[in-house]
Protein chains: 2
Amino acid sequence: MQFSPLLEDLICKLQFLPGVGRKTAQRMAFSLLGQERSRGLDLAASMSAAMTGIQRCSCCRNYSDEPVCPICASAKRQDEKTLCVVENPSDVAIIEKTGLFQGVYFVLHGRISPLEGIGAEDIGLDQLERMLAAGSFKEVIVALNSSVEGNMTSFMIAKIAGNYGLNVTTPSRGIPVGSELDTMDEGTLSYSFTNRKNL
Amino acid sequence: MQFSPLLEDLICKLQFLPGVGRKTAQRMAFSLLGQERSRGLDLAASMSAAMTGIQRCSCCRNYSDEPVCPICASAKRQDEKTLCVVENPSDVAIIEKTGLFQGVYFVLHGRISPLEGIGAEDIGLDQLERMLAAGSFKEVIVALNSSVEGNMTSFMIAKIAGNYGLNVTTPSRGIPVGSELDTMDEGTLSYSFTNRKNL
């Protein structure tokens with residue numbers, strides 16, 4: 001089926017969204033056309049505004065509407081002298097949701113991957129080193145995902161932080177709180193037994 | 001988690017898309033921000049253009065970039081003197097894909113539903129009657145979905161078309177071509193046995 005040029009263009013571009021193939025894009029396009037047109041226009045306007053207005057915070061590299069994000073701009077959060085390094089902006093979102101961490105973040109936007117040609121500077125490790133060298137931090141929490149690349153990146157960050165005599169930690173891994181033992185995969189179970197704690 | 005105002009606004013508006021809740025909207029927003037920004041801007045521009053540029057064809061009410069859609073504007077298709085009535089523009093798309101139907105369409109954009117306050121004029125039955133009264137058609141194919149409301153609407157259209165002595169047909173229902181008998185639901189199987197044909 002050939003759609004009209006405007007419709008075909010919309011269906012094509014909607015596939016830029018993650019997890020959206022041609023069929024879903026068609027359904028989305030017809031749904032937008034079937035609703036009040038002002039809603040589609042609102043969505044388009046918000047998208048434009050976000051694409052042009054959202055930048056990376058010059059301190060932590062997280063997405064921000066301002067040159068410095070509210071977390072980095074907060075004296076209270078800087079006073080904690082704790083830096084949490086994460087892979088993605090969505091990690092900041094989920095950690096903030098716990099309300100437990102009161103320090104500041106550093107967002108890598110990826111992890112080192114020689115196969116994909118992603119090196120230390122692509123994920124801002126030079127900027128991270130300058131921040132640590134400035135000497136305002138006591139502890140660095142490395143909260144990356146435990147893939148091969150994630151672990152490699154964690155070790156590099158630990159090494160950099162070690163150079164400045166900082167305390168380097170990482171969130172504990174093991175059986176999720178509330179999970180049943182018999183639903184665990186072998187990897188997690190082996191790890192949690194090997195790394196058992198005194199009760 | 002409080003996102004920045006621009007990001008929060010985008011996440012909120014992405015939920016206008018069908019099947020997109022807050023979590024998916026977050027994932028989409030972060031994905032758009034992580035890609036080349038020009039892609040998100042392209043999508044926003046296509047969406048704006050579609051919302052303002054796509055209208056209903058004045059003949060068949062299908063979505064069209066022009067006041068009259070290419071199907072209605074085609075003398076070849078008008079010459080078939082066959083009209084196919086469907087509920088949604090997506091139905092036109094799927095029928096066109098078969099390439100079998102060479103007549104023109106009429107799109108209701110819904111079906112009669114007293115409970116939802118959708119009456120005959122809301123789905124353009126007055127416009128349909130004027131088209132049939134003009135006397136250029138020989139056959140009307142009523143290809144609505146077989147819900148209670150769909151069936152009721154089908155009967156109303158059949159009655160209108162009957163007033164003008166037109167041949168009214170509907171696509172056959174039964175076991176889909178290529179389906180196994182033992183995978184069929186009882187409703188379809190009962191229907192297809194009751195409506196069996198000579199071999």
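Sequence order as written defines residue numbering, which begins from 1 separately in each chain. Think of it this way: whatever chain is written first is A, whatever ligand is written first is 1, and the rest follow in order. Side-chain atom pairs in this predicted model are given and counted only at pLDDT of 80 or more, local residue features only at pLDDT of at least 70, and totals for whole chains, interfaces and linings cover all residues. Neither water nor hydrogens contribute to the side-chain values; these are computed over all heavy atoms in the structure.

**Here we look at the packing of aromatic side chains**
Next, step 1: Ring pairs are drawn from Phe, Tyr and Trp, using the six-membered ring of Trp, whenever the two centres fall within 6.5 Å, and their geometry is named by plane angle: stacked under 30 degrees, edge-to-face over 60, tilted for the rest. Under the definition given, this model contains 6 aromatic pairs over all chains.
Next, step 2: The ring of F16 of chain B carries R39 of chain A above its face, with NZ or CZ at 4.1 Å from the centroid. Charges are assigned to positions over rings by a cutoff of 6 Å between ring centre and Lys NZ or Arg CZ, combined with an angular limit of 35 degrees from the ring normal.

**Observations regarding the sheet that holds strand β3 (residues 82-86) of chain A**
Residues and elements named next belong to chain A.
Next, step 1: A strand pair is defined by DSSP finding two or more bridges across the two strands. Helix numbering and strand numbering both begin at the N terminus, where a helix is a DSSP run of H or I of at least 4 residues and a strand a DSSP run of E of at least 2. An order of β4-β3-β5-β6 is seen for the 4 strands of this open sheet, with the pairing classed as parallel. Of all strands in the sheet, those with a lone pairing partner are β4 (104-107) and β6 (167-169), marking the two edges. If you compare each strand with its neighbour and ignore which way they point, the axes differ by 25° on average.
Next, step 2: Pairing between β3 and β4: 4 bridges, direction parallel. Bridge pairing in β4 links L83 to V104.
Next, step 3: It only takes one pair of heavy atoms within 4.5 Å for two residues to be counted as in contact. In this description, a line fitted to the C-alpha atoms serves as the axis of each element, helices being fitted only across the stretch in contact, and the angle between N-to-C directions of two axes falls anywhere from 0 to 180 degrees. Along the sheet face, helix α6 (residues 89-98) touches β3 and β4 and points at about 155° away from the line of β4.

**What to know about the side chain of S46 of chain A**
Next, step 1: Tracing the chain through its elements places S46 of chain A in helix α3 (residues 37-53).
Next, step 2: N or O atoms closer than or at 3.5 Å make up a polar contact, with two conditions inside protein: a donor-capable atom paired with an acceptor-capable one, and, for residues adjacent in sequence, both atoms drawn from side chains. Within the structure, S46 of chain A has its side chain in polar contact with the side chain of D9 of chain B (distance 2.7 Å).
Next, step 3: If near-sequence neighbours (up to four positions away) are discounted, S46 of chain A is found in contact with D9, L10 and K13 of chain B.

**Examining the domain arrangement of chain A**
Next, step 1: Taken domain by domain, chain A consists of domain 1 (5-53) and domain 2 (74-169).
Next, step 2: Just so you know, the domain bounds were taken from an automatic or database domain assignment. The centre of domain 1 of chain A, based on its C-alpha atoms, is set 35 Å off from the matching centre of domain 2 of chain A.

**Observations regarding the interface of chain B and chain A**
Interfaces are often described in size by the accessible area the parts lose on coming together.
Next, step 1: Between chain B and chain A, the residue contacts involve 46 residues of the former and 46 residues of the latter.
Next, step 2: Buried area is a sum: the accessible area each of two parts loses on coming together, probed at 1.4 Å, counted once for each and added. Carbon and sulfur atoms make up 75% of the surface buried where chain B meets chain A, a total of about 4600 Å² over both sides.
Next, step 3: A pairing counts as a salt bridge when a side-chain nitrogen of Lys or Arg comes within 4 Å of a carboxyl oxygen of Asp or Glu. Across the contact surface, chain B and chain A share 0 salt bridges.
Next, step 4: Counting the contacts that link chain B with chain A gives 18 residue pairs in polar contact (both at pLDDT 80 or more).

**Some points on helix α1 (residues 5-14) of chain B**
Next, step 1: Three labels apply to residues, based on accessible area from a 1.4 Å probe with only protein chains included: buried if under 20% of the type maximum, exposed if over 50%, partly exposed otherwise in between. Considered for burial, the residues of α1 of chain B that qualify are L7, L10, I11, K13 and L14 of chain B.
Next, step 2: Packed against the buried residues of α1 of chain B are α3 of chain A together with α2 (22-34) of chain B.

**With respect to the relation of the copies chain B and chain A**
Next, step 1: Note on the identical chains: chain B maps onto chain A by a rotation of 180° and an axial translation of 0.0 Å, with an RMSD of 0.1 Å. A rotation of that kind, with that shift, is consistent with a two-fold axis. Using C-alpha coordinates, one finds that chain B approaches the rotation axis most closely at A44 of chain B, a distance of 2.2 Å. Least squares is used to superpose the copies, and the fit set is the C-alpha atoms of residues whose pLDDT is at least 70 in both copies.

**Looking at the sheet that holds strand β6 (residues 167-169) of chain B**
Backbone-to-backbone hydrogen bonds join strands into a sheet, with any given pair of strands oriented parallel or antiparallel.
All names here are of chain B.
Next, step 1: Spatial ordering of the open sheet is given by β4-β3-β5-β6, a layout of 4 strands whose pairing is parallel. Among the strands making up the open sheet, the edge pair consists of β4 (104-107) and β6. Sheet twist, expressed as the mean angle between neighbouring strand axes with direction ignored, is 25°.
Next, step 2: Of the strands in this sheet, β3 (82-86) and β4 touch helix α6 (residues 89-98), which is tilted by about 155° from β4.
Next, step 3: Lying on the sheet, helix α8 (residues 148-163) is in contact with β3, β5 (139-142) and β6; it crosses β5 at an angle near 175°.

**Some details on unusual backbone geometry**
Residue and element names in this part refer to chain A.
Next, step 1: One non-glycine residue with positive phi stands out, namely R61, at about 65°.
Next, step 2: Looking at where R61 falls in the secondary structure, it is placed in the loop between β1 (55-56) and β2 (63-64).
Next, step 3: Residue classification places R61 among the buried positions, given a relative accessible area of 9%.

**A closer look at the pairing of β4 of chain A**
Next, step 1: Burial along β4 of chain A is two-sided: V104 and F106 of chain A facing one way and Y105 and V107 of chain A facing the other are all buried.
Next, step 2: Every crossover in which the path from the first strand over the helix to the second runs clockwise, viewed with the strands pointing away from the viewer, is termed right-handed. In this region the chain leaves β3 of chain A, passes through α6 of chain A and returns to the parallel neighbour β4 of chain A; the handedness of that crossover is right-handed.

**Some points on the side chain of E96 of chain A**
Next, step 1: Take E96 of chain A: it is sitting in helix α6.
Next, step 2: Within the structure, the side chain of E96 of chain A is placed 2.6 Å from the side chain of Y105 of chain A, a separation counted as a polar contact.

**Comments concerning the pattern of salt bridges**
Next, step 1: Going through the model one piece at a time under the given rule, you end up with 8 salt bridges over all chains.
Next, step 2: The shortest N-O distance in the salt bridge between E116 of chain A and R111 of chain A comes to 3.6 Å.
Next, step 3: Salt-bridge contacts for K13 of chain B lead to D9 of chain B; the nearest nitrogen and oxygen are separated by 3.0 Å. Linking K13 of chain B with D9 of chain B, this pair stays in helix α1, spanning 4 residues, or about one helical turn.

**What to know about the packing of helix α1 (residues 5-14) of chain A against helix α3 (residues 37-53) of chain B**
The description of two packed helices rests on the angle between their axes and on the distance between the axes.
Next, step 1: For the pair α1 of chain A and α3 of chain B, the least separation of the axes is 9 Å and the interaxial angle reads 150°. Between α1 of chain A and α3 of chain B, the interaxial angle falls into the category roughly antiparallel. Pair α1 of chain A / α3 of chain B crosses with left-handed handedness. Side by side, α1 of chain A and α3 of chain B meet where L6, D9, L10, K13 and L14 of chain A of the first sit next to D42, L43, S46, M47, A49, A50, M51 and G53 of chain B of the second.
Next, step 2: Three residue categories are used. Nonpolar comprises Ala, Val, Leu, Ile, Met, Phe, Trp, Tyr, Cys and Pro, charged comprises Asp, Glu, Lys and Arg, and polar comprises the others, including Gly. Within the contact of α1 of chain A with α3 of chain B, the residues separate by chemical class into 8 nonpolar, 2 polar and 3 charged. Any angle from 65 to 115 degrees is called roughly perpendicular, while one under 35 is roughly parallel, one over 145 is roughly antiparallel, and all others are oblique. Crossings are assigned a handedness: left-handed for a near helix turned anticlockwise from the far helix by less than a right angle, right-handed for a clockwise turn.

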